[in-house]
Amino acid sequence: MNKAETKKAQYVMVGGFLGAGKTTSLLRFAHYLRDAGKSVGLITNDQSYGLVDTALAQFQGFDVEEITGGCFCCRFESLVDASRKLSEATRPDVFLAEPVGSCTDLRASVTFPLRRIYGEDFRVAPLSVLMDPIRASRVLGLREGKAFSSKVLYVYEKQLEEADFLVINKTELVSSEELSALDRALAERYPDAKRFQVSAREGTGLDDWFQAVLSSEPTANTAPDVDYDVYAEGEALLGWFNGTWDFESSEAIDGNTFLQQLGQRVRDACHEFGGEIGHLKMILAPSEMASDMAAIHVVRNDSALELSHRLQAPLESGELLVNLRVEGPPEKVREVCLQSLQAHLQEYPKLQAKQRHVESFSPARPNPTYRMAAR
Ligand SMILES: Nc1nc2c(ncn2[C@@H]2O[C@H](COP(=O)(O)OP(=O)(O)OP(=O)(O)O)[C@@H](O)[C@H]2O)c(=O)[nH]1
Ligand SMILES: [Mg+2]
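Some remarks on the site of ligand 1
Next, step 1: Taken together, 22 residues lie around ligand 1, and K22, T24, E172, H279 and E306 are the ones closest in.
Next, step 2: Contact between ligand 1 and N169: a nitrogen atom at 3.1 Å from a side-chain N or O atom of the residue.
Next, step 3: For ligand 1, a nitrogen atom lies 2.6 Å from a polar atom in the side chain of E172.
Next, step 4: Expressed as a share of its isolated accessible area of 650 Å², the protein-covered part of ligand 1 is 96%.
Next, step 5: Counting only elements with at least two residues in the shell around ligand 1, the list comes to α1 (22–35) and β10 (277–286).

Set out below in structure tokens:
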């Protein structure tokens, strides 16, 4: 069968800043597609490996390809390779891809090149950019509270500027007045984008958004200008930490409490040094059971710590995965994580933790494989 006869796979990208709810929404999207009888391939992306997002997607039974070592735009060919690998494995009807939360310029570096170079293989959907309404209201000056520094905010605003679809997520977290004020501000600043209001957690508003994604094409003919010096400096202000430990305890522990308390320690330590958290996410999973795990998230220094997955049973051994993205030097971010874990382990004298992988860094200057300013 030649390509013209084969139905093209759809390529859907959901961007947005760290902690906006991309993974949660994409997993909802994956279930929506699966329920409609379509096959789905998920693509996760990060600067390094040991990803909580990949573990969360696999936990829900989806095929996932992980692209690490840089963002989609800088590892464009890996993105295409990842799609091919998924194609061989499951022949997805739809690829759902999550770019790194500190990444922008996706229209010029992914959407346009994919359409131009691989247009026979993929039908590229409009770019959705997701927002946490509290974070977005702060960025747009509608709400008090700690924000990131101006170069990090440059990246945030560029993400909004390039969106075909602007999606306010977590709508249940704010009042209807605040939601309307945010929606009005977005409409004024970005009149060409289509706007949606959803709650990925509660499942509201999602079907309209998913249907629009699947049935429309990106309409913009040009990409916004991006000053790569400011973009690079903004990303470089963020510290990344990924760590994986194997642990064993001679006495079963309550993993949910273990993880929540560790999360609180890390959050308090970030607060103390004045680093604004983009996203702290951690997973604790037993070694022998693929169907049980605890996961916690913190998406701002003043956000509630969320236990998004709860372990069903106490555990004696398993794996701990920590991903932290925060504004601050990577050495400080590493120190915060390691010292918090060390202090926490003192409360668990029967538990031994063996470090498997630990890494901290700031994202390198983005250097896209392709940059096409027009489609
Ligand atoms: N209240 C509320 N929380 C949500 C909603 N959607 C996602 N979250 C929570 O927001 C946090 C971050 O969600 P993720 O889906 O991991 O966010 P992300 O954008 O993928 O984060 P990164 O990959 O780190 O950039 C988690 O605690 C989610 O449970 C929502 O609709 N309402
Ligand atoms: Mg994610």
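We are not done yet, so read on.
Focus: the sheet that holds β10
Next, step 1: Sheet architecture is open: 6 strands sit in the order β12-β11-β10-β13-β9-β14, paired in antiparallel fashion. Each edge of the open sheet is held by one strand with a lone partner, namely β12 (306–309) and β14 (351–361). With direction set aside, neighbouring strand axes in the sheet form an average angle of 15 degrees.
Next, step 2: The sheet contact formed by strand β11 (residues 294–298) and β12 spans 3 bridges and is antiparallel. Paired with I296 across the bridge in β12 is L307.

Here's the deal with the coordination of the magnesium ion (ligand 2)
Next, step 1: On the protein side, the magnesium ion (ligand 2) has T23 (OG1), D53 (OD) and E98 (OE) as donor atoms, found 2.1 to 2.2 Å from it.
Next, step 2: Among the residues examined, T23 registers a relative accessible area of 11% and is labelled buried.

Quick look at the pairing of strand β4 (residues 94–97)
Next, step 1: Side chains V94 and L96 of β4 all project onto a buried face; the interleaved residues F95 and A97 project onto the opposite face, where all are buried too.
Next, step 2: As paired elements, strand β1 (residues 9–16) and β4 share 4 bridges and run parallel to each other. Following the sheet pairing, M13 is matched in β4 by A97.
Next, step 3: Sheet topology note: the strand β2 (residues 40–45)/β4 ladder contains 4 bridges and is parallel. The residue of β4 that forms the bridge with I43 is A97.

Let's talk about the side chain of T23
Next, step 1: Checked against the element boundaries, T23 lands in helix α1.
Next, step 2: Residue contacts for T23: discarding those within four places in its chain leaves D53, L56 and E98.

Focus: the domain arrangement of the protein chain
Next, step 1: In terms of domains, the protein chain is made up of domain 1 (9–234) and domain 2 (238–361).
Next, step 2: Here domain 1 and domain 2 have C-alpha centroids that lie 25 Å from each other.
Next, step 3: Taken together, the contacts link 27 residues of domain 1 with 29 residues of domain 2.
Next, step 4: Of the roughly 2,400 Å² buried between domain 1 and domain 2, counting both surfaces, carbon and sulfur atoms make up 58%.
Next, step 5: If you sort the residues of domain 1 by the area they bury against domain 2, L18, V52 and F59 come out on top, with a joint share of 24%.
Next, step 6: Where domain 1 meets domain 2, there are 14 residue pairs in polar contact (both at pLDDT 80 or more).
Next, step 7: If you list the elements that add at least two residues to the side of domain 1 that touches domain 2, you get α2 (52–59) and α5 (133–139).
Next, step 8: Here the side of domain 1 that touches domain 2 gets 5 residues from one element, more than from any other, and that element is α2.
Next, step 9: Here the side of domain 1 that touches domain 2 is built from residues that sort into 11 nonpolar, 8 polar and 8 charged.

Calculation rules
- Residues numbered from 1 in each chain as written.
- Chains lettered and ligands numbered in written order.
- Predicted model: local features only at pLDDT ≥ 70, side-chain atom pairs only at ≥ 80, totals over all residues.
- Heavy atoms only, no water.
- Near = heavy atom within 4 Å.
- Polar contact = N/O pair within 3.5 Å; in protein donor to acceptor, adjacent residues only side chain to side chain.
- Areas by Shrake-Rupley, 256 points an atom, 1.4 Å probe, with all protein chains shown as cover.
- Helix = DSSP H or I, 4+ residues; strand = E, 2+ residues; numbered from the N terminus.
- Pairing = 2+ DSSP bridges.
- Axes fitted to C-alpha atoms, helices over the stretch in contact; angles between N-to-C directions.
- Donors = N, O, S within 2.8 Å, 3.2 Å for Na, K, Ca; no water.
- Buried < 20%, exposed > 50% of the residue type's maximum accessible area, 1.4 Å probe, protein only.
- Contact = heavy atoms within 4.5 Å.
- Domains from an automatic or database assignment.
- Buried area = accessible area lost by both parts, 1.4 Å probe.
- Nonpolar A, V, L, I, M, F, W, Y, C, P; charged D, E, K, R; others polar.

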